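# Examining the three-dimensional arrangement
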Amino acid sequence: MVLGVGAGGIQGTLLNNNARTNRITNQAIERLSTGLRINHGRDDPAGLIGAEQLRGDLIQISAKSKVINSQRRQNHIQQSGRQTASDVLQEVRGLFVQTSAGTSSAEELAAIQLQVDSSLNALDSLGSTTGFALPESLDSLRSGGSANAVDGDTAAAVKALDDQLAKINLASAAAGAYEKYTLDVDQRLAEAKAVATASSLSQLEDANYAQESSNLVKGQILTEASIKTMALSQQLKSDQISALLNNL
């Protein structure tokens, strides 16, 4: 009977060892198939919490990058509007310089004024898509205004145009500086933070393929050895029982 109990105890130990080996083997298989070290909360509770926090950080960084890109697009649209406005106003300025020579006929002056009005109306329409707003100071250049091309103060018209072109140039320079020293810098910082965060997340939750491959092979070897040992133990127990029966 003592021998029987001993064999049973060995059998139980072998079964426990085999169950533990199977868990290690199954865990290695799962990690190799998913590529993740943490597949369940029980794998690493603290690591799982840390990984979720890092994923949250990545979502915030992505959202910030989208905001930066949106601001960049809006800045480009406004810059395009300023450039268009500058080109149009330069043409209008050339028309007023032409009238200031005093050699244009009444018909020519009327045609010039028509072109000025059309140009200013076009700039008004431009504002709805680019955000460029035509200043009220240029309303005097329109037909009937104090600085119109037909019988108005052309010198005042040229000065008003020069003032507006200077403001457009300053606004364009400020927008360029904003993109270079604010948007570009913020984007580079966001990208660097995203790389660092993704790397930390990878180190925390990604499986170590070399280690898990080794665990899998080791587990398979131990499982095979455990099965053989249990079979041997079972045979030993059977032989002991047979011996006892033969001695009766």
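### Here we look at the packing of helix 2 (residues 45–100) against helix 4 (residues 154–205)
- Closest axis-to-axis distance for the helix 2/helix 4 pair is 8 Å, and the angle between their directions is 165 degrees. As the angle between them shows, helix 2 and helix 4 are arranged roughly antiparallel. Classified by chirality, the crossing of helix 4 by helix 2 is left-handed.
- The class makeup of the residues in the contact of helix 2 with helix 4 is 24 nonpolar, 19 polar and 11 charged.

### Observations concerning the environment of Ala19
- Positionally, Ala19 belongs in helix 1 (residues 2–34).
- We classify Ala19 as partly exposed; its relative accessible area is 31%.

### So, the packing of helix 2 against helix 3 (residues 106–130)
- Relative to each other, helix 2 and helix 3 sit at 170 degrees, their axes nearing to 10 Å. It follows from the interaxial angle that helix 2 and helix 3 lie roughly antiparallel. Touching Ile77, Gln78, Gly81, Thr84, Ala85, Val88, Leu89, Val92, Leu95, Phe96, Gln98 and Thr99 of helix 2 are Leu109, Ile112, Gln115, Val116, Ser119, Leu123, Leu126, Thr129 and Thr130, all from helix 3.
- The residue makeup of the contact of helix 2 with helix 3, split by class, is 12 nonpolar, 9 polar and no charged.

### Some points on the environment of Gln53
- Structurally, Gln53 is set in helix 2.
- Separated by 148 residues in sequence, Gln53 and Leu201 have C-alpha atoms that sit 9.2 Å apart.

### A look at the confidence of the model for the protein
- A residue-level look at the protein finds 84% of positions with pLDDT of 70 or above and a mean pLDDT of 84.
- Note that residues 1–5 has pLDDT below 50 and, in this model, 2 contacts with residues that lie over four places away or in other chains.

### A few points about the nonpolar core
- Residues Phe96, Val116 and Leu141 are the most contacted members of the largest nonpolar core, which totals 23 residues.
- Elements supplying a minimum of two residues to this core: helix 2, helix 3 and helix 4.
- In this structure, Val116 is in contact with Val92, Leu95, Phe96 and Leu141, ignoring residues within four places of it in sequence.

Here is what the cut-offs are and how they apply
Residues numbered from 1 in each chain as written. Predicted model: local features only at pLDDT ≥ 70, side-chain atom pairs only at ≥ 80, totals over all residues. Heavy atoms only, no water. Axes fitted to C-alpha atoms, helices over the stretch in contact; angles between N-to-C directions. Helix = DSSP H or I, 4+ residues; strand = E, 2+ residues; numbered from the N terminus. Parallel < 35°, antiparallel > 145°, perpendicular 65-115°, else oblique. Left-handed = near helix turned anticlockwise from the far one by under 90°. Nonpolar A, V, L, I, M, F, W, Y, C, P; charged D, E, K, R; others polar. Buried < 20%, exposed > 50% of the residue type's maximum accessible area, 1.4 Å probe, protein only. Contact = heavy atoms within 4.5 Å. pLDDT = per-residue confidence, 0-100. Core = buried A, V, L, I, M, F, W, Y, C linked by side-chain atoms within 4.5 Å.

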